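# A look at the structure
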Amino acid sequence: MNKVVLITGASAGLGEEFAFQLAEQGFSLLLVARRASRLQNIQRQLQLQYPELVIHYLCADLTDNQAPQKIVDYLHAQSLQLVGLINNAGFGQRGLFSEISLQTHLDMLQVNICSLLALTYLVIPTFTQQQSFIVNVASTAAFQAGPNLAVYYASKAFVLSFSEALHEELKERNIQVSALCPGATDTEFAEVAELSDSVLFTLRVMGKQVVVRYSLAHLNKAVVIPGIVNKFGALMAQLIPRAIARKLAYRMQK
Ligand SMILES: NC(=O)c1ccc[n+]([C@@H]2O[C@H](COP(=O)([O-])OP(=O)(O)OC[C@H]3O[C@@H](n4cnc5c(N)ncnc54)[C@H](OP(=O)(O)O)[C@@H]3O)[C@@H](O)[C@H]2O)c1
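This section reports on the structure supplied with the text. (Residues numbered from 1 in each chain as written. Predicted model: local features only at pLDDT ≥ 70, side-chain atom pairs only at ≥ 80, totals over all residues. Heavy atoms only, no water.)

Time to look at the sheet that holds strand S3 (residues 55-59). Strand order in the open sheet formed by 7 strands is S3-S2-S1-S4-S5-S6-S7, and the pairing between neighbours is parallel. Where the open sheet ends on each side, the last strands, each with one partner, are S3 and strand S7 (223-224). With 4 bridges joining them, strand S4 (residues 82-87) and strand S5 (residues 132-137) adopt parallel strand pairing. When the sheet's bridge partners are listed, Asn87 is paired in S5 with Asn136. Where helix H3 (residues 67-77) meets the sheet, its contacts fall on strand S1 (4-8), strand S2 (28-33), S3 and S4, and the angle it forms with S3 comes to roughly 150°. With respect to the sheet, helix H4 (residues 102-123) is in contact with S1, S4 and S5, its orientation differing from that of S4 by roughly 170°. (Pairing = 2+ DSSP bridges. Helix = DSSP H or I, 4+ residues; strand = E, 2+ residues; numbered from the N terminus. Contact = heavy atoms within 4.5 Å. Axes fitted to C-alpha atoms, helices over the stretch in contact; angles between N-to-C directions.)

Counting buried residues in S1 gives 5 out of 5 residues, a clear majority hidden from the surface. Bridge count for S1 against S2 is 5 bridges, and the pairing is parallel. Bridging across to S2, Leu6 finds its partner in Leu30. Traced from S1 through helix H1 (residues 13-24) to S2, the parallel crossover comes out right-handed. Here S1 runs beside S4; their pairing, made up of 4 bridges, is parallel. From the neighbouring strand, Ile7 faces S4, where its bridge partner is Ile86. (Buried < 20%, exposed > 50% of the residue type's maximum accessible area, 1.4 Å probe, protein only. Right-handed = clockwise from strand over helix to strand, strands pointing away.)

With that out of the way, let us pick up the site of the ligand. Surveying the vicinity of the ligand reveals 30 residues, the closest of which are Ser11, Arg34, Arg35, Tyr152 and Thr187. Contact between the ligand and Asp61: a nitrogen atom at 2.9 Å from a side-chain N or O atom of the residue. Contacts to the ligand include Thr187, whose side-chain N or O atom sits 2.6 Å from an oxygen atom. Notes on the ligand: free accessible area 880 Å², of which the protein chains cover 96%. Looking at the shell around the ligand, the elements that each hand over two or more residues are H1 and helix H5 (150-171). Counted by class, the shell around the ligand contains 15 nonpolar, 10 polar and 5 charged residues. (Near = heavy atom within 4 Å. Polar contact = N/O pair within 3.5 Å; in protein donor to acceptor, adjacent residues only side chain to side chain. Areas by Shrake-Rupley, 256 points an atom, 1.4 Å probe, with all protein chains shown as cover. Nonpolar A, V, L, I, M, F, W, Y, C, P; charged D, E, K, R; others polar.)

For the rest of this paragraph, the subject is H3. Residues Ala67, Pro68, Ile71, Val72, Tyr74 and Leu75 constitute the buried set of H3. Viewed end-on, H3 has its buried residues packed into an arc of 150°, placing them on one side of the element. The elements touched by buried residues of H3 are S1, S2, S3, S4 and H4. Looking one or two places after H3, you find Ser79, whose phi comes out positive at around 55°. (Arc of directions from axis to C-beta.)

Moving on, we get to the side chain of Thr120. Note that Thr120 resides in helix H4. A polar side-chain atom of Thr120 sits 3.0 Å from a polar atom in the side chain of Asn87. Sequence-distant contacts of Thr120, defined by excluding residues within four places in its chain, comprise Leu85, Asn87, Ile134, Asn136, Phe162 and Leu166.

Positive phi outside glycine occurs at Ser79, with the angle close to 55°. You can see Ser79 is positioned in the loop between H3 and S4. Classification of Ser79 by relative accessible area gives exposed; the value is 57%.

Structure, rendered in structure tokens:
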């Protein structure tokens, strides 16, 4: 039977890279995102490169609170046996809290938190293999408050805390849970969040290949921070006074 990994946000950036690296490791895939043409294109490339694998894709908008159940229904309908879940879909929006629409904030929480939580909840009972894994994509944003990206930072703090707790709870069931905490990375994220000209993204960005390779090499770790600069930043955010950490974050993305 094919070992299948479900990846959300697989049409671009880190999710797309997870798809290629997991296929290289011999995993069949279910790719989820909104843009059908992108998913179709990635599916075609993967299927050509790895004809022995089964590559499915499913269009779903994770702002819809019914989407996680629909994804799991699809898994059952296709008799796909999951061994991994990459909860990667997410987005941010630069700007002052009061100047961004309430709908954008609520959609962000639905995608970054609620759909991640619901998918995790719904797939855990389907993990019947000896060893399974969940990667929840958080961010170095999880380690401090982030003025001008307030809801995004808060959403990633949730993902980090939630994943660390699950890491302990699910260890006994042979399910590895890790929170991947990248810093600025070269994907479409900055453009979508209108952050491309921020100090954060003009200083230094990491390549997505390195980030994903590091994540997949550390599935057994609760908190995975790729890159020495990101590790140092996350550590400093926890050591310096919170007021300084949040002011520095504000400067980086004003
Ligand atoms: N890049 C960075 O600097 C960075 C740093 C730290 C953490 N992260 C996190 O990394 C994760 C991946 O982001 P990325 O950097 O790869 O950004 P990206 O290139 O913009 O990719 C985001 C992915 O999420 C999907 N997505 C967004 N909204 C969705 C929705 N409503 N329903 C379903 N899918 C949706 C997008 O697909 P569609 O548009 O086709 O739906 C896309 O595949 C996110 O959780 C992000 O917060 C990124």
